[in-house]
Amino acid sequence: MKKIDGGSSPGELGVGEVAKRSGVTVSTLHFYESKGLIRSSRTRGNQRRYPRGVLRRVAIIRVAQRAGISLATILQTLAPIPQDRTPSLNDWRKLSTGWRKELDSRIRNLVQLRDRLDDCIGCGCLSITACPLRNPSDKLAQQGAGPRLLDQT
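Throughout what follows, the structure given in this document is the object of discussion.

Cut-off values and rules
Residues numbered from 1 in each chain as written. Predicted model: local features only at pLDDT ≥ 70, side-chain atom pairs only at ≥ 80, totals over all residues. Heavy atoms only, no water. Salt bridge = Lys/Arg side-chain N within 4 Å of Asp/Glu carboxyl O. Buried < 20%, exposed > 50% of the residue type's maximum accessible area, 1.4 Å probe, protein only. Helix = DSSP H or I, 4+ residues; strand = E, 2+ residues; numbered from the N terminus. Polar contact = N/O pair within 3.5 Å; in protein donor to acceptor, adjacent residues only side chain to side chain. Axes fitted to C-alpha atoms, helices over the stretch in contact; angles between N-to-C directions. Parallel < 35°, antiparallel > 145°, perpendicular 65-115°, else oblique. Left-handed = near helix turned anticlockwise from the far one by under 90°. Contact = heavy atoms within 4.5 Å. Nonpolar A, V, L, I, M, F, W, Y, C, P; charged D, E, K, R; others polar. Phe/Tyr/Trp six-rings, centres within 6.5 Å; stacked < 30°, edge-to-face > 60°. Expected span 1.5 Å × (residues − 1). Core = buried A, V, L, I, M, F, W, Y, C linked by side-chain atoms within 4.5 Å.

1. Some details on the pattern of salt bridges
Then comes step 1: Applying the stated criterion across every chain yields a total of three salt bridges.
Then comes step 2: The shortest N-O distance in the salt bridge between Arg85 and Asp91 comes to 2.8 Å.
Then comes step 3: On the basis of relative accessible area, Arg85 is assigned to the partly exposed category, the value being 33%.
Then comes step 4: The residue Glu102 makes a salt bridge to Arg106 at a minimum N-O spacing of 2.4 Å. Of the two residues, Glu102 and Arg106 both sit in helix H5 (residues 89–120), four residues apart, roughly one turn of that helix.
Then comes step 5: Under the relative-accessibility criterion, Glu102 is labelled partly exposed at 30%.

Okay, here's the thing in structure tokens:
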């Protein structure tokens, strides 16, 4: 956040207006700001003011989150876009192209998991020979019974 001397300019929005127009809570905006995803300036009265372009930036963040993209990845991919510029259609294409590859990979993994899940139901320990998901060829049998790999991804 940077301090500004005067009041807000016509192109700026208060935190309540951004929350209302973007469909997120004020606390979400504060959180995004604390993570560096968006930026505000301050008036003499210490009120936050956001450039109008923040609305599109928040929309991009929300769409990415809904798709399961982590905030760290969102921050990394938004970094080249200056905070004082409204993200363009070209910016969106670059962002979404990169995210599409990640989502396609996750979808493939989930389909594979779904298709093999029936073989796993009921085994309990996931270390029997027939478990193709986490322990093909029962490699973990020497370590004893139990779900050895469930918490590792």
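2. Observations concerning the side chain of Ser41
Then comes step 1: Summarising the element assignment, Ser41 is placed in strand E3 (residues 41–42).
Then comes step 2: On the accessibility criterion, Ser41 (7% relative accessible area) is buried.
Then comes step 3: Side-chain polar atoms of Ser41 contact the side chain of Glu12, separated by 3.3 Å.

3. Remarks on the packing of helix H1 (residues 15–22) against helix H3 (residues 54–66)
Then comes step 1: Running from N to C, H1 and H3 cross one another at 50°; their axes reach a closest spacing of 10 Å. The orientation of H1 relative to H3 falls into the category oblique. The chirality of how H1 crosses H3 is right-handed. For the pair formed by H1 and H3, the contact residues are Val18, Arg21 and Ser22 on the first element and Val54, Leu55 and Val58 on the second.
Then comes step 2: When grouped by side-chain class, the residues that make up the contact of H1 with H3 number four nonpolar, one polar and one charged.

4. A look at the packing of aromatic side chains
We describe a pair of aromatic rings using the distance from one ring centre to the other and the angle between the two ring planes.
Then comes step 1: As enumerated under the stated definition, the model contains two aromatic pairs in all.
Then comes step 2: Relative to Tyr32, the ring of Phe31 lies with its centre 6.5 Å away and its plane at 50°, an arrangement referred to as tilted.
Then comes step 3: Exposure remark for Tyr32: the relative accessible area of 1% places this residue in the buried category.

5. Notes on H3
Then comes step 1: With 13 residues, H3 extends 18 Å from end C-alpha to end C-alpha; this agrees with the ideal 18 Å at 1.5 Å per step.
Then comes step 2: Of the residues making up H3, those classed as buried are Val54, Leu55, Arg57, Val58, Ile60, Ile61 and Ala64.

6. Points about the nonpolar core
Then comes step 1: Formed by 22 residues in total, the largest nonpolar core has its most connected members in Leu29, Ile38, Ile74 and Leu78.
Then comes step 2: At the level of elements, H1, helix H2 (26–34), H3, helix H4 (71–78) and H5 are the ones that each hand at least two residues to this core.
Then comes step 3: If one sorts the elements of this core by residue count, H3 sits on top with six residues.
Then comes step 4: With residues near it in sequence (within four places) discarded, Leu29 still touches Val15, Val18, Ala19, Val24, Ile38, Tyr50 and Val58.

7. Comments concerning the environment of Glu33
Then comes step 1: Here Glu33 lies in helix H2.
Then comes step 2: At a separation of 2.6 Å, a polar atom in the side chain of Glu33 contacts the side chain of Ser40.

8. Notes on the environment of Arg100
Then comes step 1: Along the polypeptide, Arg100 turns up in helix H5.
Then comes step 2: Owing to a relative accessible area of 56%, Arg100 belongs among the exposed residues under this scheme.
Then comes step 3: Along the sequence, Arg100 and Ala67 sit 33 residues apart, while their C-alpha atoms lie 9.5 Å from each other.

So far we have only geometry, and geometry alone does not tell us how the molecule works.
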